[in-house]
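# Understanding the architecture of this molecule
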Amino acid sequence: MMRSFANIEIQRLARCRLLEELVRRRLPSGDGWSHRGTQFGAEPTALALLALHSGAIVTQEGASPLIARQGADGLWSAVGDEMGANIWASALAVNTLSSLGAERATYADSIEALIRSCPREAAWLVSLKFRFLDRRVRFDPTKYGWPWVPETVSWVAPTAMALIALERAKKRGLVRGSELQRRLRLGTEMLLDRACPGGGWNAGNAVVYGVPLRPHVDTTALALLALRPLYDLPIVRNSLRWLLRNVECPSAFSLAWMILAADVYKDVGINVSPAINSARDRLASLLEDPRSIGDTSTIGLAALALGSEPKNNPFEVEG
Amino acid sequence: MSRRVFEAAAVAGTGALAVRQMLSTGYLQDRRKANSRVAIIHQASYGDRLDKTLVDGLRLFNLDLRGKAVLLKPNLVESIPGSEVNTNPRLVGAAATAFLTLGAKTVLVGEGPGHQRDTMLVLAETGLETELRERLIRFVDLNRDEVVKVPLKTRFTGLEFLWLPRTVLASEFVVSMPKVKTHHWAGVTLSMKNLFGVVPGVAYGWPKNPLHWRGIDRSILDINAAVPAHFVIADGIIGMEGNGPLHGSPRNLGRIVMADDPVAADFSCTLLMGLNPRRVNYLTQAAEFLGNGAPERIVHLGESLPRTVAPFAVLPEFAHLRL
């Protein structure tokens, strides 16, 4: 019990150091955060805002740097504002604005743009190509989600984040409609279709040339966050088991995503909480010196993962 | 001639003819040197002599490295226990030390894996993190570096520009350090294909799917024309054959290949693999303007190419690559 209190204190101190580092890394003039260096990045900005918001360091007004970088089409570039739309960054930004309680008007167009964004395999000719001509990667092109960037095909990470953002917006009554429902259904089916045979997800290629590929911790965590309502499905349960076997992961980025995902499955009764505690201990031990961490996104994620507030997980789609 | 060989020869030949046409109209600049230098160096293992082998090998080229910022770009994909997927960390560490020994001002190691978003996890699991920490060498995640919009000098993909990492553009001496492997989509993955890893995931995603849609061969040509590697150190000590780049079988070659021209390096590595570089589409086209593929323009500083080689196993669709 004493050890547990000591570990909680170590985690609390680690989180404080991470939040301090986020404040230190804020770009001049309050212009958001960068992955590294001085260029605005939508992902590090969104994750830093979520982390600082969870620590009551920024309020909804703090979202202004993110709002300021929104493109005319409602979507965000991953870096700067010249790069063109990035679906992952946009879904993360929408979810951040919604979680921070920003005015709905600031991201209503973004939600609609996300719903309209289709991957290449949504076109029937491309779908036919993958169904009958190009079968090197096993997947069902009729089940599609979201691409990283326009004019490419669906991948697991952007699909999971788009599902999380849209599901959470729907639950808050910010969006509804048949097209939303259709995209949520298709995206969910796409994630289930792309799962690795033994559970878990990688970028989105589960079987190539008949060979099953290995899952990755971070994408498995993201998919599990999006699929929380489907815990009864064997593939989701197997994937959670696979994820929890990786609590000794040596990387803060993957560990943080794992903790955030496992956190929404605490009530399923397969020793999730002890695994989260072990993963948090390990994460805190990896973060003694936040200045040595190159990517600001990792710092934001880790601060969120070490946060102790219940029911405050910005990626939870149920509850 | 089988149908497959005929098709491959036709594609490579058509591509090469198109490149010649572009050269003749001044659209493309011929960047080939009069002669390129390649050193095939015997090295049986990743053991203790590796540091000395690297220094001795680099000395063959008499490179002027004084005061230069060197970037080593290994091939890191992901860690699969028991599989020779990645450039061996010992070789990367030994190369870093060798460049510093020979006068480089700084040596950085940078990579942007194509599928695994957690670069630091790959670094830790492959053992490269420990190797670099012990040698006090810094690593940069090229997937999340600052980016610069670089107009392209070639338009094989039809793209007008690429977003590229500032660290790569600021380096004065870029060294491509591939693993000698077969590749299920490109045929072989060597120093030129390795430069896919400088294209940042933050801009193009994981994988770098916009480039796949533009064509892997065409993307390799545009990337290498935009960010040419100054030098190559290819890990052929243990390569990979069969279903590469991830699920092939280890293949002992016992060789390190160094070169001052990526095209010449890749031609030599392909021949060492018992495969025909003239049937690798992007290599044929690259040899028309980016570097040297013709044997008479390649000077061998180390061992000669072996007369006979047991060819690397390839997937059936690449059977035409065999010599």
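Remember, predicted model here, so these are calculated numbers, not experimental data.

### A look at the overall build of chain B
The helix and strand inventory of chain B stands at 12 helices and 12 strands. The C-alpha atoms of chain B give a radius of gyration of 18 Å, which matches the 20 Å a tight globule of 323 residues would have. For chain B, the spread of C-alpha atoms along the three principal axes comes to 50 × 45 × 40 Å. Burial status across chain B gives 58% buried among its 323 residues. Nonlocal contacts in chain B, meaning residues at least 24 apart in sequence, comprise 76% of its contacts between residues at least 6 apart.

### Regarding the overall build of chain A
Looking only at helices and strands, chain A has 13 helices and two strands in total. Computed over its C-alpha atoms, the radius of gyration of chain A comes to 19 Å, within 12% of the 20 Å expected for a compact globule of 319 residues. In terms of overall dimensions, chain A has a C-alpha envelope of 60 × 45 × 35 Å along the principal axes. Buried residues in chain A amount to 54% of all 319 residues. Expressed as a percentage of contacts within chain A between residues at least 6 apart in sequence, the contacts between residues at least 24 apart total 66%.

### Some points on the environment of A:Leu97
All names here are of chain A. Residue placement: Leu 97 occurs in helix α4 (residues 87-100). The exposure class assigned to Leu 97 is buried, which follows from the 25 C-beta atoms found within 10 Å. A sequence separation of 168 residues divides Leu 97 from Tyr 265, and the C-alpha atoms of the two residues are 24 Å apart. Every residue in contact with Leu 97, bar those within four places of it in the chain, is listed here: Ala 63, Leu 66, Ala 102, Thr 106 and Tyr 107.

### Details of the pairing of strand β8 (residues 179-183) of chain B
Residues and elements named next belong to chain B. Within β8, five of the five residues are buried, leaving the element largely enclosed by the surrounding structure. Neither face of β8 is open: one carries Lys 179, Lys 181 and His 183, the other Val 180 and Thr 182, and all of them are buried. Relative to strand β10 (residues 231-241), β8 runs parallel, the two being bridged by two bridges. Bridge assignment links Lys 179 to a residue of β10, and that residue is Asp 235. Strand direction decides the pairing type here: β8 and strand β9 (residues 187-189), joined by three bridges, are antiparallel. Bridge pairing links Thr 182 to Val 188 in β9. Here β8 folds back onto β9, and the loop between the two strands holds three residues.

### Considerations on helix α10 (residues 216-226) of chain B
Residues and elements named next belong to chain B. In terms of burial, α10 is largely enclosed, as 10 of its 11 residues are buried. Taken together, the buried positions of α10 are Ile 216, Asp 217, Arg 218, Ser 219, Ile 220, Leu 221, Asp 222, Ile 223, Asn 224 and Ala 226. Turning to α10, the residues buried within the fold contact β5 (147-151), β6 (161-165), α7 (191-194), α9 (209-214), α11 (262-272) and α12 (281-286).

### Points about unusual backbone geometry
All names here are of chain B. In this chain, Trp 206 is followed by Pro 207 through a cis amide linkage whose omega measures 5 degrees. Structurally, the position occupied by Pro 207 is in the loop between α8 (201-204) and α9. In this structure, Pro 245 follows Gly 244 across a cis peptide bond, with omega equal to 10 degrees. Residue Asn 62 is not a glycine yet carries a positive backbone phi of 50 degrees.

### Some remarks on the nonpolar core
Core analysis: the largest hydrophobic core is formed by 198 residues, its most contacted members being A:Ala256, A:Leu283 and B:Ala95. When neighbours within four sequence positions are excluded, A:Leu283 is seen to be in contact with A:Ala252, A:Leu255, A:Ala256, A:Ile259, A:Ala302, A:Ala305 and A:Leu306.

### A word on the interface of chain A and chain B
Chain A puts 31 residues into the contact, and the matching count from chain B is 30 residues. Each residue belonging to the side of chain A that touches chain B can be placed in one class, and the counts come to 16 nonpolar, nine polar and six charged.

### Considering α4(A)
For α4(A), built from 14 residues, the straight-helix expectation of 20 Å at 1.5 Å per residue is met to within 8% by its first-to-last C-alpha distance of 20 Å. At the C-terminal side of α4(A), A:Gly101 shows a positive phi close to 80 degrees.

### Describing the packing of α4(A) against helix α7 (residues 156-171) of chain A
All names here are of chain A. α7 packs onto α4 with a crossing angle of 25 degrees between their chain directions and a minimal axis gap of 8 Å. Judged by the inter-axis angle, α4 sits roughly parallel to α7. As for the relative orientation of α4 and α7, their crossing is left-handed in sense. Only Ala 157, Pro 158, Met 161, Ala 162, Ile 164, Ala 165, Arg 168 and Ala 169 of α7 make contact with α4, whose side of the interface consists of Ile 87, Trp 88, Ala 91, Leu 92, Val 94, Asn 95 and Ser 98. Here the residues of the contact of α4 with α7 sort into 12 nonpolar, two polar and one charged.

### With respect to the packing of helix α11 (residues 252-263) of chain A against helix α12 (residues 272-286) of chain A
Relative placement of two packed helices is described by the angle separating their axes and the distance separating the axes. Residues and elements named next belong to chain A. Axis separation between α11 and α12 bottoms out at 10 Å; the angle between their running directions is 155 degrees. Relative to α12, the element α11 is oriented roughly antiparallel. Helix-helix and strand crossings are classified by hand; for α11 and α12 the assignment is left-handed. Within the contact between the two elements, α11 uses Ala 252, Leu 255, Ala 256, Met 258, Ile 259, Ala 262 and Asp 263 and α12 uses Val 272, Ala 275, Ile 276, Ala 279, Arg 280, Arg 282, Leu 283 and Leu 286. Looking at the contact of α11 with α12, its residues break down into 12 nonpolar, no polar and three charged.

### Description of the pairing of strand β7 (residues 173-177) of chain B
All names here are of chain B. Along β7, four of the five residues are buried, which leaves the element largely enclosed by surrounding structure. Direction of pairing for β7 relative to β10: parallel, over a ladder of two bridges. By the bridge assignment for β10, Val 175 is matched with Phe 231.

Criteria and thresholds
Residues numbered from 1 in each chain as written. Chains lettered and ligands numbered in written order. Predicted model: local features only at pLDDT ≥ 70, side-chain atom pairs only at ≥ 80, totals over all residues. Helix = DSSP H or I, 4+ residues; strand = E, 2+ residues; numbered from the N terminus. Rg over C-alpha atoms; globule rule 2.2 N^0.38 Å. Buried ≥ 20, exposed ≤ 12 C-beta atoms within 10 Å, placed from the backbone. Contact = placed C-beta atoms within 7 Å. Pairing = 2+ DSSP bridges. Core = buried A, V, L, I, M, F, W, Y, C linked by C-beta atoms within 7 Å. Nonpolar A, V, L, I, M, F, W, Y, C, P; charged D, E, K, R; others polar. Expected span 1.5 Å × (residues − 1). Axes fitted to C-alpha atoms, helices over the stretch in contact; angles between N-to-C directions. Parallel < 35°, antiparallel > 145°, perpendicular 65-115°, else oblique. Left-handed = near helix turned anticlockwise from the far one by under 90°.

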